[in-house]
Amino acid sequence: MKLPFLQREPRRRALLVVTGHDRVGSTARRTGLWLSDVTRAYRALQAAGYDCDLLSPRGGRAPVDERSFDLRDPDNQAFLENGHTASALGATLSPRGVLPGEYRVVFFAGGHGALTDLRADGETASVALDVYNRGGVLAANGHGVAALLALAEKDGAILRGREVTAFSAAEETLMLMRAHVPYLLETELREAGALYTSSDPFTPHVRSSGRVVTGQNPQSCVAVAEAVLAADTLG
């Protein structure tokens, strides 16, 4: 669903990509997107003049991880109390419903569901790669970095030799999720040729490498958005 913009004439457009998968891998554990990844990125990009659209691999309703459903967070509260933005989570666009040439930024939000569908979705990867090849910025936070593995299957240079970060094995352990996730994201990134780095668990950590920006965890999302704005040098 196309989200409303705050400025009358936004200069750029951003595609916020979220998971549509509501389980951790093939287990019965419920998950989805991490809400503050979406709401903080949306707030920062909107304030900078971007018109934002929400997309998930199949379109339609995007599940929210209940652990992230915190209305004490002002960004979450503002997003969910706005009827237009809240309804967008129930009506996300699909990859076939967007024109890559209209976007300057693709941002992949986190949440454990991303380990399954964003990792495997070739259509979304093609859209994102098209945006990147036109001079756009790729950004991903937390588990959303799994989407870059799908892009790397189409263009290995997206990850090979590039410094990135993502949700760490240590953080999976502290969340009691290490035994349940389908794979450890930091391991997969290293195997794809990326130069993986991390900071202390649940502290902000961002890596910018050209027009590819990655963040380690939800605590990194604001800094990721700031790095995206710096990377998008369109006049």
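Throughout what follows, the structure given in this document is the object of discussion. Note that this is a predicted model, so its numbers are computed, not measured. (Residues numbered from 1 in each chain as written. Predicted model: local features only at pLDDT ≥ 70, side-chain atom pairs only at ≥ 80, totals over all residues. Heavy atoms only, no water.)

This part is about the packing of aromatic side chains. Counted according to the given criterion, the structure contains two aromatic pairs. Looking at arginine 211, its charged tip hangs above the ring of tyrosine 132, at a distance of 4.2 Å from the centre. (Phe/Tyr/Trp six-rings, centres within 6.5 Å; stacked < 30°, edge-to-face > 60°. Lys NZ or Arg CZ within 6 Å of the ring centre and 35° of its normal.)

In total, this model carries 16 salt bridges according to the counting rule given. Of the charged contacts, one joins aspartate 232 and arginine 12 as a salt bridge, the two residues approaching to 3.6 Å between their closest N and O atoms. With aspartate 232 in the segment after α9 (221–231) and arginine 12 in strand β1 (residues 12–17), the pair connects residues that are 220 residues apart, well separated along the chain. On the basis of relative accessibility, which here comes to 4%, the residue aspartate 232 falls in the buried class. Judged by relative accessible area, arginine 12 falls into the buried class, the value being 10%. Here arginine 207 makes a salt bridge to glutamate 163, at a shortest N to O gap of 3.3 Å. Of this pair, arginine 207 sits in strand β7 (residues 206–209) while glutamate 163 sits in strand β5 (residues 163–164); the two residues are 44 residues apart in sequence, bridging distant segments of the chain. Note on glutamate 163: relative accessible area 36%, which makes it partly exposed. Salt bridges sharing common partners tie together Arg40, Arg43, Asp73 and Asp75. (Salt bridge = Lys/Arg side-chain N within 4 Å of Asp/Glu carboxyl O. Helix = DSSP H or I, 4+ residues; strand = E, 2+ residues; numbered from the N terminus. Buried < 20%, exposed > 50% of the residue type's maximum accessible area, 1.4 Å probe, protein only.)

In this structure, Phe108, Leu159, Leu185 and Leu189 are the most contacted members of the largest nonpolar core, which totals 42 residues. The set of elements that each furnish at least two residues to this core consists of β1, β3 (105–108), α5 (122–133), β4 (137–141), α6 (146–154) and α8 (185–191). It is α6 that provides the largest number of residues to this core, a total of seven residues. With 28 residues, the next largest nonpolar core counts Val18, Ala41, Val105 and Ala231 among its residues. (Core = buried A, V, L, I, M, F, W, Y, C linked by side-chain atoms within 4.5 Å.)

Topologically, histidine 143 is positioned in the loop between β4 and α6. You can call histidine 143 buried: its relative accessible area is 4%.

What follows is about the sheet that holds β3. Strands sit in the order β2-β1-β3-β4-β8-β7 across an open sheet of six strands; the sheet is mixed. Either end of the sheet is taken by a strand with one partner, and the two such strands are β2 (50–55) and β7. Strand-to-strand twist across the sheet, computed as the mean angle between neighbouring axes with direction ignored, equals 15 degrees. In this sheet, strand β8 (residues 212–215) lies alongside β7 in antiparallel orientation, the contact comprising four bridges. When the bridges of β8 are listed, serine 209 appears paired with valine 212. Strands β1, β2, β3 and β4 of the sheet are contacted by helix α1 (residues 35–47), whose axis makes an angle of about 155 degrees with β2. (Pairing = 2+ DSSP bridges. Axes fitted to C-alpha atoms, helices over the stretch in contact; angles between N-to-C directions. Contact = heavy atoms within 4.5 Å.)

Among the six residues in β1, six count as buried, and that is most of the element. Following the backbone out of β1, through α1 and into the adjacent parallel β2, one traces a crossover that is right-handed. In the sheet, β1 pairs with β3 via four bridges, with the strands oriented parallel. By the bridge assignment, leucine 16 is partnered in β3 with phenylalanine 107. (Right-handed = clockwise from strand over helix to strand, strands pointing away.)

Moving on, we get to the packing of α5 against α6. At a minimum axis distance of 9 Å, the contact between α5 and α6 shows a crossing angle of 75 degrees. Judged by the angle between their axes, α5 and α6 are roughly perpendicular. Contacts between α5 and α6 involve Gly122, Ala125, Ser126, Ala128 and Leu129 from the former and Ala150, Leu151 and Lys154 from the latter. Class assignment for the residues of the contact of α5 with α6 results in five nonpolar, two polar and one charged. (Parallel < 35°, antiparallel > 145°, perpendicular 65-115°, else oblique. Nonpolar A, V, L, I, M, F, W, Y, C, P; charged D, E, K, R; others polar.)

What follows deals with the packing of α1 against α9. Between two packed helices, what matters for the description is the angle formed by their axes and the separation of those axes. Running from N to C, α1 and α9 cross one another at 35 degrees; their axes reach a closest spacing of 9 Å. In this structure, α1 meets α9 at a crossing whose hand is right-handed. Judged by residue contacts, Ser36, Asp37, Arg40, Ala41, Arg43, Ala44 and Leu45 of α1 engage Cys221, Val222, Ala225, Val228 and Leu229 from α9. Grouping the amino acids of the contact of α1 with α9 by side-chain chemistry returns eight nonpolar, one polar and three charged. (Left-handed = near helix turned anticlockwise from the far one by under 90°.)

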